[in-house]
Amino acid sequence: MALPKEFHEIARRVNNWGRWGADDETGTLNLITDEVVRAAAGEVRTGRRVPLALPLRQDGVQTGVIPGRVDPLHVMVQLNQELFGPGTVACSDDVVTMGLQAGTHWDALPHVSHSGTLYNGRPADTVTAHGGAKFGGTDKMRHLVSRGVLLDVAGARGVERLAGGHAVTPEDLEAAEEFGRVRVRAGDVVLVRTGQVRVYLAGDRHGYGHPSPGLSVRCPEWFHARDVAAVANDTLTFEIFPPEIEDLWLPVHALHLVEMGMPQGQNWNLEELSTACGETGRYAFLLSAMPEPFVGATGTPVAPVAVL
């Protein structure tokens, strides 16, 4: 089924192809300048650090709904082995097999395509079985430290968690700005809290994924107008699931990653951060969310930390 006219109209309005040159592979991360990072460092007042990653575990958020995206399988390959002979220092080593987007992660720009294309107009078939992504893989993201802003949509609406059918709109984002007395600006990394991760934390792995609140197809234009560098939230699918427009699957992914060149993250635990921001009355902070530089990967695990 072809993408509808409405999708293509939004795509034209948010398209960033060529904005940072025909060879660009990092998209909106170009908006995180030295000046942006210096200003972000000024958000640190107390040094309080809040981790935002879910634990990586074999019974994690993946339930088999997304083919091949497996939770971490952790095995020991050495157990107190005296490598250099009896009585020498002993070592224990681990190996993990997992989907790179299994837990808290970033989606890199080639994670999705539409109409045969990736970000900046590159062909979708430049992602191959043996080579991975030829352009825009997680190794090209290099660093991701900026001013983070929590838009606590659930908090702004006075609820612990948005209903499963709630599509987060630009009006919700602006209400969350007002709730947090903060203004999103160019180069920011925006974290959108729906409260959905509470379902997973309560032990309901299947209910966490479906039905789920998430970003509306109307939000990419808001992020584009604000020159946001990246967006993450606390859900499995990032956008509302099932979709708000019948049979239009993952349109926000396509608009963000393909058209805008903007990384997006899923499965971030924003609960402790919501509490910390509420206690301090400050919803902006220094955010370190460094990608793992897997060459040619379309996604990467991340262990983000907000510093208030």
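Anyway, here's the lowdown on the structure attached to this text.

Cut-off values and rules
Residues numbered from 1 in each chain as written. Predicted model: local features only at pLDDT ≥ 70, side-chain atom pairs only at ≥ 80, totals over all residues. Heavy atoms only, no water. Pairing = 2+ DSSP bridges. Helix = DSSP H or I, 4+ residues; strand = E, 2+ residues; numbered from the N terminus. Axes fitted to C-alpha atoms, helices over the stretch in contact; angles between N-to-C directions. Left-handed = near helix turned anticlockwise from the far one by under 90°. Contact = heavy atoms within 4.5 Å. Disulfide = S-S within 2.5 Å. Buried < 20%, exposed > 50% of the residue type's maximum accessible area, 1.4 Å probe, protein only. Arc of directions from axis to C-beta. Patch = residues over 30% accessible without salt bridge, like charges linked within 9 Å, V, L, I, M, F, W, Y side chains within 5 Å. Areas by Shrake-Rupley, 256 points an atom, 1.4 Å probe, with all protein chains shown as cover. Salt bridge = Lys/Arg side-chain N within 4 Å of Asp/Glu carboxyl O. Parallel < 35°, antiparallel > 145°, perpendicular 65-115°, else oblique.

Observations concerning the sheet that holds strand β15 (residues 305–307)
With mixed pairing, nine strands are arranged side by side in an open sheet as β1-β15-β13-β7-β9-β11-β12-β4-β14. A single partner strand is all that each edge strand has here, and the edge strands are β1 (49–51) and β14 (299–301). Put simply, the sheet's adjacent strands are angled 30° from each other on average, direction ignored. Direction of pairing for strand β7 (residues 145–152) relative to strand β9 (residues 189–193): parallel, over a ladder of five bridges. Its bridge partner being in β9, Asp 152 is matched across the sheet by Arg 193.

Overview of the packing of helix α1 (residues 5–14) against helix α8 (residues 251–260)
It is the contact of α1 with α8, at a shortest axis distance of 10 Å, that shows an interaxial angle of 35°. Pair α1 / α8 crosses with right-handed handedness. Two secondary-structure elements touch here, α1 through Phe 7, Ile 10, Ala 11 and Val 14 and α8 through Pro 251, Ala 254, Leu 255, Glu 259 and Met 260.

As for the state of the cysteines
Within this structure, the stated rule accounts for zero disulfides. There is no disulfide at Cys 277, and the cysteine sulfur nearest it, in Cys 219, is 19 Å away.

Examining the side chain of Ser 212
By the element assignment, Ser 212 lies in the loop between α6 (205–209) and β10 (214–215). Apart from residues no more than four positions distant in its own chain, Ser 212 is found in contact with Gly 164, Gln 196, Thr 235, Thr 237, Ile 240 and Phe 241.

Points about helix α7 (residues 219–226)
Along α7, the positions that sit buried rather than exposed are Cys 219, Pro 220, Trp 222, Phe 223 and Arg 226. Projected down its long axis, α7 carries its buried residues within an arc of 160°, all on one side. Downstream of α7 by a residue or two, Asp 227 has a phi angle that is positive, lying close to 55°.

Details of the environment of Ser 212
Given a relative accessible area of 1%, Ser 212 falls into the buried group. As for Ser 212 and Leu 162, which are separated by 50 residues in sequence, their C-alpha atoms are 8.6 Å apart.

Remarks on a nonpolar patch on the surface
On the surface, Leu 73, Val 75, Val 77 and Val 95 cluster together into a nonpolar patch covering about 300 Å² of accessible area. Here the element with the most residues in the nonpolar patch is strand β2 (residues 73–82); it accounts for three residues. Residue placement: Val 77 occurs in strand β2.

What about the packing of α1 against α7?
As a packed pair, α1 and α7 sit with axes 10 Å apart at the nearest point and diverge in direction by 10°. Put simply, α1 runs roughly parallel to α7. Contact with α1, carried on its side by Ile 10, Arg 13 and Val 14, involves Pro 220, Glu 221 and His 224 of α7 and no other residues of that element.

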